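Now for the letters of each chain:
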Amino acid sequence: MDYDAMDMDTEALGPAVKISEADSTHVNFELSNVDLSFANSLRRIIQAEVPTVAIDLVEFMANTSVLADEFIAHRLGLIPLDSRNIKDMPMARDCDCGGHCDKCTVILTLHAKCLGDEIMNVHASDFSVSSARPNQTVGNPIITDPEGLGPLICKLRKGQELHIECMAKKGIAKEHAKWMPTSAVGFEYDPHNKLHHLDLWYETDAEAEWPKSKYADWEDPPQEGEPFDYDAVPNRFYFEVESAGNIDPDAIIQLGISELQQKLAKLITGLGEKSNIDDQYDGPQSPGAMDDGAMYQNDGYQTAYGNGGAQSAWGGGATAYGTTPYGNSGQGGWS
Amino acid sequence: MNAPDRFELFMLGDNEKKITEKIYAGMSNTSDFILLKEDHTLANLLAEHLKQAPHVLMCGYKLAHPNVPEVFIRIQTDGTITPKEALIEVCKQLIGAYAQLQREFTREYELRKMVSAGNQDQANGF
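- In the nomenclature of an unreviewed UniProt entry, chain B corresponds to DNA-directed RNA polymerase RBP11-like dimerisation domain-containing protein from the organism Neoarthrinium moseri.
- The record in UniProt for chain B states the following under Subcellular location (unreviewed entry): "Nucleus".

- Going by what an unreviewed UniProt entry lists, chain A is known as DNA-directed RNA polymerase II subunit RPB3 and is assigned to Neoarthrinium moseri.
- The heading Sequence similarities (unreviewed entry) in the UniProt record of chain A holds the text "Belongs to the archaeal Rpo3/eukaryotic RPB3 RNA polymerase subunit family."

### Some remarks on the overall build of chain A
At step 1: Along chain A, the regular secondary structure elements total 5 helices and 10 strands.
At step 2: Burial analysis of chain A (335 residues in total) assigns 45% to the buried set.
At step 3: Taking contacts inside chain A between residues at least 6 apart in sequence as the whole, the part at least 24 apart equals 72%.
At step 4: Counting every atom, chain A has about 16600 Å² of accessible surface; 49% of that belongs to carbon and sulfur.

### Focus: the pairing of strand β2 (residues 26-32) of chain A
All names here are of chain A.
At step 1: Counting buried positions along β2 gives 6 out of 7 residues, so the element sits mostly inside the fold.
At step 2: Two successive antiparallel strands, strand β1 (residues 16-22) and β2, enclose a turn made up of 3 residues.
At step 3: Sheet analysis places β2 next to strand β10 (residues 236-243), joined by 7 bridges and oriented antiparallel. Bridging from a neighbouring strand, Asn 28 pairs with Glu 240 of β10.

### Some points on the sheet that holds strand β4 (residues 70-77) of chain B
Residue and element names in this part refer to chain B.
At step 1: Taken together, the 4 strands give an open sheet; going across it, the order is β1-β2-β4-β3, and neighbouring strands pair in antiparallel fashion. Each edge of the open sheet is held by one strand with a lone partner, namely β1 (19-23) and β3 (56-63). Between one strand axis and the next, the sheet turns through 20 degrees on average, direction left out of account.
At step 2: Alignment of β3 against β4, held across 7 bridges, turns out to be antiparallel. Bridging from a neighbouring strand, Tyr 61 pairs with Ile 73 of β4.

### Overview of the side chain of Gln 261 of chain A
At step 1: Examined against the element boundaries, Gln 261 of chain A turns out to sit in helix α4 (residues 249-270).
At step 2: Judged by its relative accessible area of 0%, Gln 261 of chain A is buried.
At step 3: Within polar-contact distance, the side chain of Gln 261 of chain A engages the backbone oxygen of Ile 95 of chain B at 3.0 Å.

### What to know about the nonpolar core
At step 1: Ranked by size, the top nonpolar core spans 55 residues in total, and within it Phe 29 and Leu 31 of chain A together with Leu 46 of chain B carry the most contacts.
At step 2: Per element, the largest residue contribution to this core is 12 residues, and it comes from helix α2 (residues 83-123) of chain B.
At step 3: Apart from the residues within four sequence positions on either side, Leu 31 of chain A is in contact with Pro 15, Ala 16, Val 17, Ala 39, Leu 42, Asn 235, Arg 236, Phe 237 and Phe 239 of chain A together with Leu 101 of chain B.
At step 4: Counting 24 residues, the second-largest nonpolar core is a separate cluster that includes Ala 112, Cys 114, Ala 124 and Leu 156 of chain A.

### A few points about the UniProt feature "domain: DNA-directed RNA polymerase RBP11-like dimerisation" (unreviewed entry) in chain B
At step 1: Here the UniProt feature "domain: DNA-directed RNA polymerase RBP11-like dimerisation" (unreviewed entry) sits at residues 31-103 of chain B.
At step 2: Span residues 31-103 of chain B is 47% helix and 30% strand, its end C-alpha atoms 35 Å apart.

Criteria and thresholds
Along each chain, residue indices are assigned from 1 in the same order as the chain's sequence is written. Numbering of ligands from 1 and lettering of chains from A proceed in the order in which they are written. Per-residue local features are limited, in this predicted model, to residues with pLDDT of at least 70; the limit for side-chain atom pairs, both in listing and counting, is 80 or more; totals at the level of whole chains, interfaces and linings are taken over all residues. Note that the side-chain values use all heavy atoms of the structure and ignore hydrogens as well as water. UniProt positions are given in the numbering used here, feature names are shortened, and annotations may be inferred rather than shown by experiment. Secondary structure counts use DSSP, requiring at least four H or I residues in a row for a helix and at least two E residues in a row for a strand, with both numbered from the N terminus. Burial here depends on accessible area, computed with a 1.4 Å probe over protein chains only, as a share of the maximum for the residue type. Under 20% is buried, over 50% is exposed, and the range in between is partly exposed. Contact definition: two residues touch when any of their heavy atoms are within 4.5 Å. Values of accessible area rely on a 1.4 Å probe in the Shrake-Rupley scheme; residue burial ignores everything except the protein chains shown. At least two DSSP bridges between two strands are needed for those strands to be called paired. Every axis in this analysis is a line fitted to C-alpha atoms, fitted for helices over the stretch in contact. Angles between the N-to-C directions lie between 0 and 180 degrees. Counted as a polar contact is a pair of N or O atoms within 3.5 Å, where, for protein atoms, one must be capable of donating a hydrogen and the other of accepting one, and residues adjacent in sequence contribute only when both atoms are in side chains. As used here, the term nonpolar core means buried Ala, Val, Leu, Ile, Met, Phe, Trp, Tyr and Cys residues forming a set that is joined through side-chain atoms within 4.5 Å.

Given below as structure tokens:
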């Protein structure tokens, strides 16, 4: 194929995305034209390193409920808090204040006492959130149930009381799973097991006993008697991202990608290469910020991406490397 | 009780450098890179893509212990470029590839939103 003449779609050879389902808490998509390590790094980063806010420190003024303080504190940590505009908020560890302040901490207070004969339920919606915080949404408990109550924290009998003050901080799931933005991430490839990455256990016939994935229809089943291809590598990956509610599912992907780019940029600067890229990756940026190629306009970074020019950065070339998924002839791209 | 703090998995210590290069004398054109506070997310990504990069003869990585967030990457090149240059090149390529993924994803997502909004309008009789 003549790559030079291929200027109708400059990004024909790079990563491609096809979204099959999306709503307020899910996004399912197919990622193709990438290799396993590329897709898997995306999966790992959205699960472990996209920052959110969660309750981290709880002060108990009164707790006469049947649950122990630490038990309640653990439950509080797991309540999803709104983290959509988290970029205004620094990590408490990096904040100038040294401890906690309005910039890096959101205070949530709750005071409940059961006075009636009925058992009283205490929900996340009973929190009052301090107004001194980076912006007016960050730290609000996420409430999605139709009654608008939010997650149940504990139940109180007549005379029992719960009075707490919680400090919510920004963090990542590598430190504690309560900071995960995702509740589940599906990651699948090769639904027909053509690559034999799986060794399916069976009684008599693996084909009959194992249910087919829903993505099996998306790829050609193996031909009868087809010889095993030793050189085949996976290149279509099926993601099913489920948000915990604190960040929108598409934002999780976007922030994960930014996070990875920052990591890579830090290596470039760490190796002593002159790079302004590091400053520019400071904090998550809005999607599409890079559409005009402005991100890479400093020396050494321009031309390759984001220009609609006739020459494709991904256009590949004559070398063997040109045939890889991100094929770059080694001259057209980063020079 | 004496477990290390969890944030030590990703916060660099006071005198720690993110990445250090050590020339490996046992092989020609070979360097070892030590990445502190990193894990398979970055290590596997870099190692796999270095293997595909031009002028790189050999590349491998290890995480010596699952509790120790230190990545070891060894790169051998054919001498046309240094291992460090190869690594920087791959980092830049990957940043670009992820930038493209970001654009692709945004475009597809916006398109999808427009389609579903259109469908809703139809359902509502607009």
